[in-house]
2 protein chains.
Amino acid sequence: MATLPQAKSSPAPAAKGRGRRTTRASGDDRERAILETAERLLEERPLSEISVDDLAKGAGISRPTFYFYFPSKDAVVLTIIDRLVADAGGGREEILARLADAGPQAGLRASLENLYAAFRSRPGVVRAGSDLRTTNQEARDLWAQVMEGWVADVTAVIEFERSRGTAPPGQPAREMAIALVQMNERAQYATLLGEEPSLEGDRVLDVLIEIWLRAIYGTAEPG
Amino acid sequence: MATLPQAKSSPAPAAKGRGRRTTRASGDDRERAILETAERLLEERPLSEISVDDLAKGAGISRPTFYFYFPSKDAVVLTIIDRLVADAGGGREEILARLADAGPQAGLRASLENLYAAFRSRPGVVRAGSDLRTTNQEARDLWAQVMEGWVADVTAVIEFERSRGTAPPGQPAREMAIALVQMNERAQYATLLGEEPSLEGDRVLDVLIEIWLRAIYGTAEPG
DNA sequence: GACTGTATCAACAGTGTGTTGAGTAGGTCA
DNA sequence: TGACCTACTCAACACACTGTTGATACAGTC
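Residues numbered from 1 in each chain as written. Chains lettered and ligands numbered in written order. Predicted model: local features only at pLDDT ≥ 70, side-chain atom pairs only at ≥ 80, totals over all residues. Heavy atoms only, no water.

Colleague: Explain the interface of chain B and chain A to me, using residue names and the numbers behind them.
Modeller: Often the size quoted for an interface is simply the accessible area lost on bringing the parts together. Tallying the contact residues gives 50 residues for chain B and 50 residues for chain A. Both faces combined, the contact of chain B with chain A buries some 4100 Å², and carbon together with sulfur accounts for 60% of it. Among the residues of chain B in contact with chain A, Arg186, Pro197 and Arg214 of chain B are the three that bury the most area, contributing 18% of the side total. Joining chain B to chain A, the criterion identifies four salt bridges. The partner of arginine 186 of chain A in a salt bridge is glutamate 185 of chain B, with the nearest N and O atoms 2.9 Å apart. For the pair chain B and chain A, the number of links is 14 residue pairs in polar contact (both at pLDDT 80 or more). (Contact = heavy atoms within 4.5 Å. Buried area = accessible area lost by both parts, 1.4 Å probe. Salt bridge = Lys/Arg side-chain N within 4 Å of Asp/Glu carboxyl O. Polar contact = N/O pair within 3.5 Å; in protein donor to acceptor, adjacent residues only side chain to side chain.)

So this is what it looks like as C-alpha cells:
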C-alpha cells in the first residue's frame, strides 16, 4: 500500500472532561462497575430508559456517588463508545494494505467484514451511540470524526483505482465515498437492530459490496 | 406504466389515538395553534429541548389544556409527520409512471428530486421525526411503512428492468432496493441537517443518482 | 332551567436530574 | 501521635419536567 496516499488516521482523542473528576484510588473498581453495568443494561433496554440511579444501583453506590465518577449518564456511554470505536479502527492500516494486496473484491470484503464484526457483538451500545447523537454534541463530533476517517480512506482508494485506470471516471471520489460510507452506516445499523425493512445479517455484506463494486468500477449504460 | 407491477401503496392510516380526545368545537383553532407552534419551534431547536409547556404557551393555553388536545408531545410531532409524509408520497403514482415513460435517468432524477423537495423545506421536522424514532414505537412503525413503500417501488423497477434485459442480473432486487433506499435516507438526512461529512445540497442528487444507475444498470469488472 | 358536552386551569403526584454540605477512612508528614 | 490532606460517600435539597385530578365556566339543547 505504499502507493496509496495515507489518509489522516488520528486515534480517538483522550476524552476531555469525561472520566473521573480527579484521579487514582481503589475507586477504579467502582468506575469499572459503572461501565459494566451500563454495557449490560444497554443490551436490555435503550439509554432513555436507563436512569443514573439504575447505573448507580448496579454499581452498588448511591446516585451522588455516581456523579463523583462521571459527570452524567452520557459521559458513561461516550466512554464506552470511545473504546468500541478504538477497537473497530484498530486494524485500519493493515486493512488498507490488504485492500491493495488482495485486490478490490477480497480487500473490500475484508474491510467491511472487519468493521461490521466490531459492532455486531454489542448492538445495544451501537443503538445508544446513535441515540446519543440526537442530543449530545460530543457524540456527534466523535462520530463525525470516525466517518471522516472512513471517507478519507475510501476516497483514497477510489482515486487510486481511477488513476490506475482500473476504475472509470465519474462523480468526485470524495462525494462517492461519502454516500457509500453513509449507506453502510445506515444499512448495517438497520440490520444490527433488526429494523424493518432491513437486510438479513448474513446478506448485508454481499449486497453492500455489490453496490460498492458497481459504484466504483462499473459504468451505467441504461438502455 | 401498465407493465410495471404496482406496489402496494396504502395511504397513511388515520392515526388512531392521536389527535383530540373528543371531536368538534371552536377549539380547532387551538389545535392548529399547537401544531403551528411545534413546527415553528422545531426549526429553532430539537424536540428534546421543547417542553409541553413551551407548546402550550406558544398556543396561548395552559399545560393541562394542552393535554385536552394531544395526549403527549410525541403525538403532536407524529401528526405533523403524518402530513409531511402524505405530501411526500402524494405524487408517487405519477412519478412511477413518469419513470417508465421518461426512461431511467430522467425518471429516477424526477423521483428523487420530488422526494427531496418535500422534506427540504422543513429540516426541523425531519430531525424531530428521526429523533422520535429512538424512543417512540409509533414513529418507528410509521417510518418503516414509508420505507417499505419506497423499497417496494424500487424493487419493482429493478425487476422490471432486469426482465426487459436492460439491467444485468445481480443480488436480489429487493435487497438492492433496501440498501439504495437506506443510502438515500441517510445521505439526504445528513445533507439536510448539514452534518459533517455530508454532500452539498446541490450535489447530493447527482451523486446518489450515479450510484443508483451504476448499481442497477452497471456491472463491475474490477481489474 | 335542569342537562350535556366542550373547554379551561390551579393544584397535585411522580420521576428524573444535578448540587450541596456534611461527613468517613486511609495515608503522610511533623 | 495528632494535625492535615485527599479520596470517597451519601442524605437531603432544588429544579425541571410529565401527566392527572377535580373544580369550574360556558355553550347549546330539549
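Now that the structure has been shown, we can carry on.
Colleague: Can you explain the relation of the copies chain B and chain A? Please cite residues and give values.
Modeller: With an axial shift of 0.0 Å and an RMSD of 0.1 Å, the rotation relating chain B to chain A amounts to 180°. Given the turn and translation reported, the copies of this chain are related as if by a two-fold rotation axis. Scanning chain B for the C-alpha nearest the rotation axis identifies methionine 183 of chain B, at a separation of 2.0 Å. (Least-squares fit on C-alpha atoms with pLDDT ≥ 70 in both.)

Colleague: Residue-level account of the nonpolar core, with values.
Modeller: If you look at the biggest cluster of nonpolar residues, it comprises 134 residues, and the most contacted ones within it are Ile211 and Trp212 of chain A together with Ile211 and Trp212 of chain B. If we skip the residues at most four places from it in the chain, tryptophan 212 of chain A touches Leu108, Leu112, Val154, Leu180, Val181, Met183 and Asn184 of chain A. (Core = buried A, V, L, I, M, F, W, Y, C linked by side-chain atoms within 4.5 Å. Buried < 20%, exposed > 50% of the residue type's maximum accessible area, 1.4 Å probe, protein only.)

Colleague: Tell me about the confidence of the model for chain A, and please be specific about residues and values.
Modeller: Residue and element names in this part refer to chain A. When pLDDT is averaged along chain A, the result is 86, and 86% of the positions lie at 70 or above. Within chain A, helix α5 (residues 92-102) has the poorest average pLDDT of any element, 75, and helix α9 (residues 173-192) the best, 98. Considering only residues more than four positions removed or in separate chains, one finds that residues 1-16, a stretch of pLDDT under 50, has 25 contacts. The low-confidence segment residues 21-25 (pLDDT under 50) makes four contacts with residues lying over four places distant or belonging to another chain. (pLDDT = per-residue confidence, 0-100. Helix = DSSP H or I, 4+ residues; strand = E, 2+ residues; numbered from the N terminus.)

Colleague: Now, about the environment of aspartate 29 of chain B: what can you tell me, with residues and values included?
Modeller: On the secondary structure map, aspartate 29 of chain B appears in helix α1 (residues 28-42). For aspartate 29 of chain B and threonine 134 of chain B, which are 105 residues apart along the polypeptide, the C-alpha to C-alpha distance reads 31 Å.

Colleague: So what's going on with empty space enclosed by the protein? Which residues, and what values?
Modeller: Residue and element names in this part refer to chain B. Tallied over the full model, the rule gives one cavity of 30 Å³ or more. Considered as a void within the structure, the largest cavity measures approximately 30 Å³ in volume. Those elements that provide at least two residues to the lining of the largest cavity are α1 and α4 (73-90). When residues in the lining of the largest cavity are grouped by element, the largest group, three residues, is from α4. Looking at the lining of the largest cavity residue by residue, the class counts come to seven nonpolar, no polar and one charged. (1 Å grid on protein atoms, 1.4 Å probe; cavity = no way out; pocket = protein on both sides within 12 Å on 5 of 7 lines; lining within 4 Å. Points joined across faces, edges and corners; volume = space filled by probe spheres on them. Nonpolar A, V, L, I, M, F, W, Y, C, P; charged D, E, K, R; others polar.)

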